[in-house]
Every structure is written in C-alpha cells, then in structure tokens.
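Take a look at the letters that make up each chain.
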Amino acid sequence: MSRNVTYRKMVSDDVPAVYEIELASFPVPWTLDSFYYEVHENQYAHYVLAIDEDGSIIGFCGMWMVIDAAQITNVAVIEQARGRGIGEGLMREAMHIARLHGMEVMTLEVRVTNVVAQNLYRKLHFQDGGIRKGYYTDNGEDALVMWVNL
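What you see is a predicted model; the values in this text were computed from it and never measured. (Residues numbered from 1 in each chain as written. Predicted model: local features only at pLDDT ≥ 70, side-chain atom pairs only at ≥ 80, totals over all residues. Heavy atoms only, no water.)

(A) View of the overall build of the protein chain. Helices and strands together make up the secondary structure of the protein chain, namely four helices and seven strands. Taken from the N to the C terminus, the helices and strands of the protein chain come in the order β-α-α-β-β-β-α-β-α-β-β. Each principal axis of the C-alpha distribution contributes one length, and for the protein chain these read about 40 × 35 × 35 Å. Residues classed as buried in the protein chain amount to 43% of the 150 residues present. Accessible surface, the protein chain as shown: approximately 8200 Å² in total, 51% of it carbon and sulfur. Positive and negative side-chain charges in the protein chain, numbering 12 and 20 respectively, have mean positions lying 8 Å apart. (Helix = DSSP H or I, 4+ residues; strand = E, 2+ residues; numbered from the N terminus. Buried < 20%, exposed > 50% of the residue type's maximum accessible area, 1.4 Å probe, protein only. Areas by Shrake-Rupley, 256 points an atom, 1.4 Å probe, with all protein chains shown as cover. Lys, Arg positive; Asp, Glu negative; His and termini not counted. Charge placed at Lys NZ, Arg CZ, Asp CG, Glu CD.)

Written out as structure tokens, the structure is:
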C-alpha cells in the first residue's frame, strides 16, 4: 500500500471530486445528486476517501451499514493511482469502520469478469456467495456476490 495516502470520511464539499472519479470509472455512473443524497439524507451511508499527499481525492469506497451488515456500494480509484494499493487501503479502512459500528458481515457485488477486484477481495478473506444473473444494466453481465465475516 502507498504510505503517502490518508483516509477520511466524505463530506458534502467532496462530492464533485468523487463524482468525477465515478464518471471516469463506471459505464453506468451514479448521479451527482445521488452522492449528495448519500451525504445528507442516507443515515446508513458512509463513504471513505483516499487522499494523496497533495490533498487530492484519489479514490473512494461507499457502504451502507444496516443492522449488522455492511454492503459495499462502490469502490473506485483514479486511473493514475491504480496499482498502488489504494483500493486495498480503502477496503481495509471500510472494514475497520464497519467493525467499529458493530457490523458483523460485509458483502459486495463484483463483475464476474473483474478478476483483479475479485483477487483483492479474496486477499481480504471475502468468499464467493453466489451469482446475480444479469446484474449490470450496461451489458447484462452477471455479478459475483462476495462476503466476509468481520
């Protein structure tokens, strides 16, 4: 992992930068308004940001914490910072925060073709939980459901 990266919770002023990362990372991105909703209205949402040494937001990880389960909503890192362990750092920080909030399990969906992400999640002890057929609306790709006990 990169040693010059810090992690913190997303606030309203961060939304435009997070949205730009979202746009660059996903074929069907969330809307700008959806991120503002997550910050201001969704009591279950928590977003972790990765901040580079110059203060730039270089990645984010969102999750919803409900009762005893944390659901990862999205994870993205700017292209220039990929391969530096930022995604792993974001996931480790999200897992830590989920534990602090009493969550017992964490789940996520990942494209069946996204082997790089699957390998990261397995490194973090996530297990395969099943397939969601046609989960991704851009191309109908299946999602692999993964989970880990916290």
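(B) Layout of the side chain of Glu109. Mapped onto the elements, Glu109 comes out in strand E5 (residues 105-111). Of note is the side chain of Glu109, whose polar atom sits 3.0 Å from the side chain of Arg132. Setting aside anything within four residues of it in sequence, one finds Glu109 in contact with Gln71, Arg132, Tyr135, Tyr136, Ala143, Leu144 and Val145. (Polar contact = N/O pair within 3.5 Å; in protein donor to acceptor, adjacent residues only side chain to side chain. Contact = heavy atoms within 4.5 Å.)

(C) Representation of the sheet that holds strand E6 (residues 127-132) in the model. Pairing in this open sheet of seven strands is mixed, and the strands run E1-E2-E3-E4-E5-E7-E6 from one edge to the other. Of all strands in the sheet, those bounded by a partner on one side alone are strand E1 (6-9) and E6. The average undirected angle you get between the axes of adjacent strands in this sheet is 25°. Where E5 and strand E7 (residues 143-149) come together, seven bridges link them in antiparallel fashion. Bridge assignment links Met106 to a residue of E7, and that residue is Val148. Taken strand by strand, helix H2 (residues 32-40) contacts strand E2 (45-51), strand E3 (57-66) and strand E4 (69-77), and its axis lies near 110° from that of E2. (Pairing = 2+ DSSP bridges. Axes fitted to C-alpha atoms, helices over the stretch in contact; angles between N-to-C directions.)

(D) Local environment of the packing of aromatic side chains. Per the counting criterion, the structure on display carries seven aromatic pairs. Joined through ring pairs, the aromatic side chains of Trp30, Phe35, Tyr47, Phe60 and Trp64 make up one cluster. Residue placement shows Arg111 over the ring face of Tyr136; its charged tip is 4.1 Å from the ring centre. (Phe/Tyr/Trp six-rings, centres within 6.5 Å; stacked < 30°, edge-to-face > 60°. Lys NZ or Arg CZ within 6 Å of the ring centre and 35° of its normal.)

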